[in-house]
Every structure is written in C-alpha cells, then in structure tokens.
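# Architecture and fold: a report
Next come the chains, spelled out residue by residue.
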There are 2 protein chains.
Amino acid sequence: MFKIQYTTDEDFIGRSRRPAAKTDDIIPIVRDVLVAVRDGGDKAVRELTLKFDKSCPNDLLVSPEELDAAEREVPDDLKKAIAIARENIEKFHRSQLPQKREYVETSKGVVCWQQAKAIDKVGIYIPGGTAPLFSTVLMLGIPAKIAGCKEIVLCSPPRNGGAINPIVLYCAKILGIHKVFKIGGSQAIAAMAYGTESVPKVYKIFGPGNRFVTVAKQLVNSADTAIDMPAGPSELAVIADQNTNPAFAAADLLSQCEHGTDSQVGLFVTSNEKADEIIAEAKRQLAVLPRREIAAQSFANSFAVIVNDTCQAVHLTNIWAPEHLIISTDDCNEIADQVQNAGSVFIGKYACESAGDYASGTNHTLPTNGAAYAYSGLNMDSFMKKITFQTISEDGIRNIGPAVETMAAAEQLDAHRNAVTVRLQQLK
Amino acid sequence: MFKIQYTTDEDFIGRSRRPAAKTDDIIPIVRDVLVAVRDGGDKAVRELTLKFDKSCPNDLLVSPEELDAAEREVPDDLKKAIAIARENIEKFHRSQLPQKREYVETSKGVVCWQQAKAIDKVGIYIPGGTAPLFSTVLMLGIPAKIAGCKEIVLCSPPRNGGAINPIVLYCAKILGIHKVFKIGGSQAIAAMAYGTESVPKVYKIFGPGNRFVTVAKQLVNSADTAIDMPAGPSELAVIADQNTNPAFAAADLLSQCEHGTDSQVGLFVTSNEKADEIIAEAKRQLAVLPRREIAAQSFANSFAVIVNDTCQAVHLTNIWAPEHLIISTDDCNEIADQVQNAGSVFIGKYACESAGDYASGTNHTLPTNGAAYAYSGLNMDSFMKKITFQTISEDGIRNIGPAVETMAAAEQLDAHRNAVTVRLQQLK
C-alpha cells in the first residue's frame, strides 16, 4: 500500500485512476460464441461446453433429483447461515417494493400514474471457479422472486465431472428456481439472450463473471437484452480517523484485496501515524491468509491518502465513487450524509463490508469502476419496469388539447396535432 | 396497412417481427469520431462540425445574449403552450420523487436503508433536422432539474448559419440550463462522454438521435458512460372494439406514422369491419397531411390484427411490447390492468398519444423495439441512483456475524470471514 499526501483534487484523480480494462482482444472470440449459439442452439452450447469446460453433461438442465442430491451435500450449519441471510435479504428487498399507485391529476381531467411490473423473464449467471458464489444466487434470486418474475433461468458452469456446485444448487432450490442449466461463460450469456431448445430466452441478464462473460453481456446489451450493470474489479474505500480500530480497518481492506489481483482498495485517513498502524496490522494479517498471494498483490497496488479531515475524505471518495465505502470514524453518522457517489456504505466500527456481502440484507451486486456516479446497486427496481398510464376526460382534452395543437404545429408534426383536433371538433 | 387474422401467438410473432437495425456499417465511422474528440477536444469537435454540419460556430457555447435573442423569437401562444406542458410535466415527475428514507432493521442491531441521490452531471442531446424537438428539452430537462443534477449539459447541432433552433434555446433557458453547446451528431456524444476544454464530461447521456448518435451512445455506454435506454424507431399499438371512433383511431395511427418511414404501427381490433372503417378513414386523413409521403410508407408497412376479443388484443400487445399503447375500447379500464409490456398506456377515447408526447405530464422518452420487456420509460429514477447504507451495532454483529463467518468460509474467502472474526473476538 503506497501513501499519498493529499494536495489537490487533480493530483488525487491522477493517482487514483483505475487501470483501463482490456477487452478488445477477446471481442472477436466472444462474438463467434454468440453467433454460434444464436444459430446452433443446444448443439452449439454442448460443443462450446466441451471445448471450454472440458465437460459434456448429458442433460444441460439440472434435474430435480440432482437438486435433491445437492441439498443432502450441504452441511446443516451452512443451511442455517443461509436461512439467516435469506431472511434479511428478503426483508430489506421487500421493503423496497413500490407503494400503492399514486394518481396525479396534472390538469383537470388529466390523470397520470406509474405502475411497476416485474420483468417477465430474467437470467442469472453464477460463475464457477474455485469458490462457489452461492451468495450471489441469494442476492439475485431473492429480489427476482419478490418482484414476481415469472421465469427465472440460472446458468452456471459444470465443474469437472459435469455438475454444478451443490451449494449453488441448494440456494436455487430453496428459492424455487427450477430452470438451472449447466452452462458457463459467454455461451451461457448467449443461450439466455437468444434462447435455445432447452434454455428460455430472457429479457434481462444479471450476474458477475470473467472477462468473457462481461464482454458477452456488453455485446448482447448493445443488441436486444438488458443487463444489470457494467462489471469491473471489486472496490473498497475505508475512511479512518485517529480512533479507528486498526485491526478492523486492516481486515476490511484485506477482505477486498483477496477478491483478485485487480481489486481496487483505498484508505482515506486523517493521520500518517494511523495509516502506518493500519498498514502494519494489514501486513500481519496478510501473512496468515490462505489467499495471501492474491491479496498481497492487490494490497501492494492500493493507496492510502492522508487527508486533513474526514470531510475531505468523503469529498475524495465522492470523486473516486467506490463500490463499497466503510466509514469508521467518530463522526461517521454525520459524514455519511455527505456521500454522493458510492455503491453501498457501511457506517461505524461493526459494519464490515463482508456483513453486506452475505447477510445484513443489502445487495452485494454493486457498481464498480466509477459506475457509482450514475448507477444504483442492484435493488428491486432492477427486476421491474415502470409503465406510465393516463386517462383524459372530455374536460381534460379541452384543457390541454390546444397546448398540444400549438406545440405539435411548432414541431411540424401535423398528424400529432390532428389527433387532438379531431377530438376537440367532435366535442364542439 | 395489411390485415392479419389472428390464429396463433407464433404466427403473430412471425408477422409482427420488427426489422433489425443495420448499424455495423457506421460503427467504424463513429468509433473514429469518438477517438478524435477524446484525443483532440474542442479542435476536433470544430473540425467535425464543419465537416458534418457545414457550419463552424465561433463559440461552441451558446451565449446568454443568444439565449435572450432566442426568447424574443418564440411567439407568445407557443410560450403559453410550453408553460402548460411544463407545469404538467413538473407535477407528474415531482410526484415520483422517492419518499422519505425507510430504515429497515433486518436483524436486531442491523439497520439498512436506501437513499436516492441525483446524478451529478448529465448530458442531453437534442437532434436537429427539419423539425425542432423542443418538447424533448422539457421531457429531459425538467426531471433533471427536479432530481437536482448539478450540471446539465445540452448539445444540439447548429443549423445553417450556426445557430440552434430558437425554441430549443428558449426551453433550455426557462429551465435554467445554461451550458448549451452548438454540437451535433456523434461528436456531441463524444464531447459529453469524454469532456473537452469547453464541454464538461457527464456521467449519463439522454436523448434521441439518428443512427450515428445511437451508435455513439452504445459505444460510450460499453465503456464508461451511462445512457438513458436503447433507441429504435417510434411505435404505437391501438386496441379497438366495435365502438371505437374510427376518426380518432385513424388519427392516432397516423400521428405515429408521420415520425419516419421506419415507424412501427399496429392496430388490434375485434372485427374485420371496424378494421376496414379505420383503414378507410386513415386513408382520407392521410391525403391531406403535410408529411403524407413519410406517413404513407409506414402506414403501408403497418398491420391490423383481427382478434377475437379485447383480452386477446392486450395479450398480443404484451407479446409485441410497444412503446405506446392506446386502449380505446368500452372495457379500456379493465384491460389496462392486464398490460404487462408497454412504455406508456393511453386509456379511453380522449387519451391520444400526442397528449402524452407534449403536455399531459408523462414522459415521451420511452422504450422501443421491444425494450419495454425490461426497460421503463424515462422517469425520476433515470436521473438518480440509489445508494444503500447500513449500521451494525454490537448486538447486530453478534446476531449476524456467525452466519457471515460460515458463508464466507464456504466461499473460501477467509479474509471476508476474518473481518467479522476480529470484531467478534474484541467483543468477547
């Protein structure tokens, strides 16, 4: 972790710039996969699965028997932990459901309202790899269920032997997600975007993934399919003052660093001494971590900014717009109100990011790479769309009709004007 | 307008398929423009403006004097019409502002909430062309102002002579949008996405445009900048029964057809006789429209589906997912509740689409090309992002900490577990 003494915003911006993601090299490969699956359906998916995952499941769809068998493999203490997480995630996301319709009479006789409706068909991607990201099944599946999405498709790559990780399957099972497919990578994104003989086409695709998955999501998004948000390496900012517990701050920084060597971590701290304390403590904790090789690399690339005060710290995190922000200072409640750009904010000494990653109830799918300037983290809005409705009475068209006629004429759209004129004439 | 007798959903899907947009040919051109502006700033913008718009304004920024002069050019009756529209749009969009924070205690001691914050910097693109789309300035500028976006940038191409249409400028002026630039096309999108010496970089870009603008928005969206939604030709579905006024339905269909030869229009009607009546009436109205050449072409490409009943009609419009849906039937209120996929819905004989295009209060920036499956029309959410916050007390971390430890261990993320463990140990 290298230290920066704050001087100017411009200097900070220069030093905290995120590395640009390199994807140009794989775009042609992913494009070929998309075309192959779009045109070849299940057969293409099978061939690509054999090629990339060295595995060829007999059946792409996970059977009810496989789901039952997975359930038996999950230890009881983990089931209990998952139940706690599930309850909290449900509670928080259910609270976000839109309230009852509000009818707004904008002019007398003109009534407008919004209504949120679930997206009918959604797709969830759960990456494979060494660690099974079953928590993401909860984070995507629970709000999809609460929204009322009628069809929820889940794809995850088969491991050696051709099965999906049992904890991932268990989470899908308890949420009532029955269409689970042993498909990974960009072929999974293609299958959900275009549909195949087995995999239903969906309207929006959610979930993390490697570079190939990310590029595939971008490419299908440019065409027809909505996606949750742009993806980038995971990020954490910690704001610390003289009373921050260095062991807590160090553990939080490392929890982000272990995600990958490209993880982005920043410490914003009000004294040089505290920075040194936290860094020293992090080095002690790092030495005994199982994923220390990964964490050490991203920790070495991380920065600590020495700031004048906590207000300046939050000002800089607003410039950086981190995915996660921990505020572990005496004035944490006050400065939390000044947060403008961040995905999820953790206030106080006990609010560690990993609580939000798993079980506090907030979503862990969050905007990275500065997307927090414009994007929300995943929430109930992500699984619904709002339709506007309006009714116009005779009085209503009399009230606003002439304004519409005048404006349509000024835009040289006479047929637009005429749609009002024929109605006003009939009312004369 | 060609008639289809409904037989099966599959048959309808085949016949109502939208033509695919062709953009591959212009991607390299647009990519060059993006790179030129990103690297060359204002100088590149000027060169491209001269090349594409045959115009080279001295100053890219519209001066306060130019804004004042524009105001004097707008006739009083149009100003009054704009004032009515503005008030209604403000009223409806203000009603969408998020209510006060709701604190949710998910487990004892764990409190989570969402807070919506304005996107700091947004960009608005207003196309040039023959008709000045000043109504779009209202539809994008009003919610941006209500949200509290700090910086609102507006770009619109200079016409011959180097000025932006005065009505467009007038609308910007009354909304308090001061950063108005005489820049059009993909160079405008690039300038707002990357920033230049004069044009501030923004985080999200809104607004319609031609193919070049659409592709530029897609390309900057794949990198760093959020955009409002994918763009496609305008669309309208009308549901009609035996009592629908044929003159109204015909006028509505034509109001959509005049947008462009690629406009998509569909009539869903419960009898063959009513279909014939509406088509005959449309042909009469078409003959006297100023934009009849455009409207005639898209009307010829439009379809009328003869359905068994209005329930079937709304079922088919849900499959088609039109941008606009007019329900002009006796049972309009009942079947409106069955709408699942549409951008904006107009209920009853006086609710014409052009009312919503200008002055009823709803937004006219809506999902096209089937995007209504997954996207909302523009609304207050589009100008804000929601940040989640959480506080966790000593009790809170005791309550959920063990579940987090268990789940993190199962995902093999030990540093995540450790962030909880160090806290629980300190509390022992």
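The structure presented is a predicted model; accordingly, all values stated were derived computationally and were not measured.

The subject of this paragraph is the domain arrangement of chain A. Per the domain assignment, the segments making up chain A are domain 1 (2–18 + 233–360), domain 2 (27–103 + 119–227) and domain 3 (393–427). Inter-centroid distance (C-alpha atoms) of domain 2 of chain A to domain 3 of chain A is 49 Å.

Taking 1.5 Å of rise per residue, 14 residues should cover 20 Å, and helix H16 (residues 414–427) of chain B covers 20 Å from first to last C-alpha, within 8% of that figure. Counted residue by residue, H16 of chain B has ten buried out of 14 residues, so it is predominantly covered. When we look at burial in H16 of chain B, the residues that qualify are Asp414, Ala415, His416, Ala419, Val420, Thr421, Val422, Arg423, Leu424 and Leu427 of chain B. Turning to H16 of chain B, the residues buried within the fold contact helix H9 (246–257), helix H10 (272–286) and helix H14 (353–358) of chain A together with helix H15 (394–410) of chain B.

Pairing within the open sheet is mixed, and its nine strands lie in the order E1(A)-E11(A)-E10(A)-E9(A)-E12(A)-E13(A)-E14(B)-E3(B)-E2(B). Of all the strands in the sheet, the pair left with one neighbour each is strand E1 (2–5) of chain A together with strand E2 (104–107) of chain B. On average, each strand axis in the sheet is inclined to that of its neighbour by 20°, with strand direction left out of account. Bridge count between E2 of chain B and strand E3 (residues 110–118) of chain B: three bridges; the pairing is antiparallel. Note on E3 of chain B: the bridge partner recorded for Glu105 of chain B is Val111 of chain B. Docked against the sheet, H9 of chain A engages strand E9 (235–240), strand E10 (264–269) and strand E12 (324–328) of chain A, running at close to 170° with respect to E9 of chain A. Contacting E2, E3 and strand E14 (384–392) of chain B, H15 of chain B crosses the sheet at an angle of about 95° to E14 of chain B.

Between side chains of opposite charge, a pair can form when the charged atoms approach closely. Within the structure shown, the criterion is met by 40 salt bridges over all chains. The partner of Arg211 of chain A in a salt bridge is Asp25 of chain A, with the nearest N and O atoms 3.4 Å apart. Here Arg211 of chain A, found in helix H8 (residues 211–223), pairs with Asp25 of chain A, found in the loop between helix H1 (9–15) and helix H2 (27–53); they are 186 residues apart in sequence, far enough to count as distant. Its salt-bridge partner being Asp381 of chain B, residue Lys386 of chain A comes within 2.7 Å of it at the nearest N-O pair. Highlighted residues: Lys386 of chain A in strand E14 (residues 384–392) and Asp381 of chain B in the loop between helix H14 (353–358) and E14, drawn from two different chains. On the basis of relative accessibility, which here comes to 18%, the residue Lys386 of chain A falls in the buried class. Taken together, the salt bridges that share partners define one network made up of Asp68, Glu71 and Lys173 of chain A.

Mapping one chain copy onto the other needs a rotation about an axis and a shift along that axis. Mapping chain A onto chain B calls for a screw motion: a turn of 180° about the axis and a shift of 0.0 Å along it, with 0.0 Å RMSD after fitting. A rotation of that kind, with that shift, is consistent with a two-fold axis. Minimal C-alpha separation from the rotation axis in chain A is found for Ser222 of chain A, amounting to 4.0 Å. Take the interface residues of chain A: 100% of them recur as interface residues in chain B, which is what a same-surface contact looks like.

Thresholds, definitions, all that
Residues numbered from 1 in each chain as written. Chains lettered and ligands numbered in written order. Predicted model: local features only at pLDDT ≥ 70, side-chain atom pairs only at ≥ 80, totals over all residues. Heavy atoms only, no water. Domains from an automatic or database assignment. Helix = DSSP H or I, 4+ residues; strand = E, 2+ residues; numbered from the N terminus. Expected span 1.5 Å × (residues − 1). Buried < 20%, exposed > 50% of the residue type's maximum accessible area, 1.4 Å probe, protein only. Contact = heavy atoms within 4.5 Å. Pairing = 2+ DSSP bridges. Axes fitted to C-alpha atoms, helices over the stretch in contact; angles between N-to-C directions. Salt bridge = Lys/Arg side-chain N within 4 Å of Asp/Glu carboxyl O. Least-squares fit on C-alpha atoms with pLDDT ≥ 70 in both.

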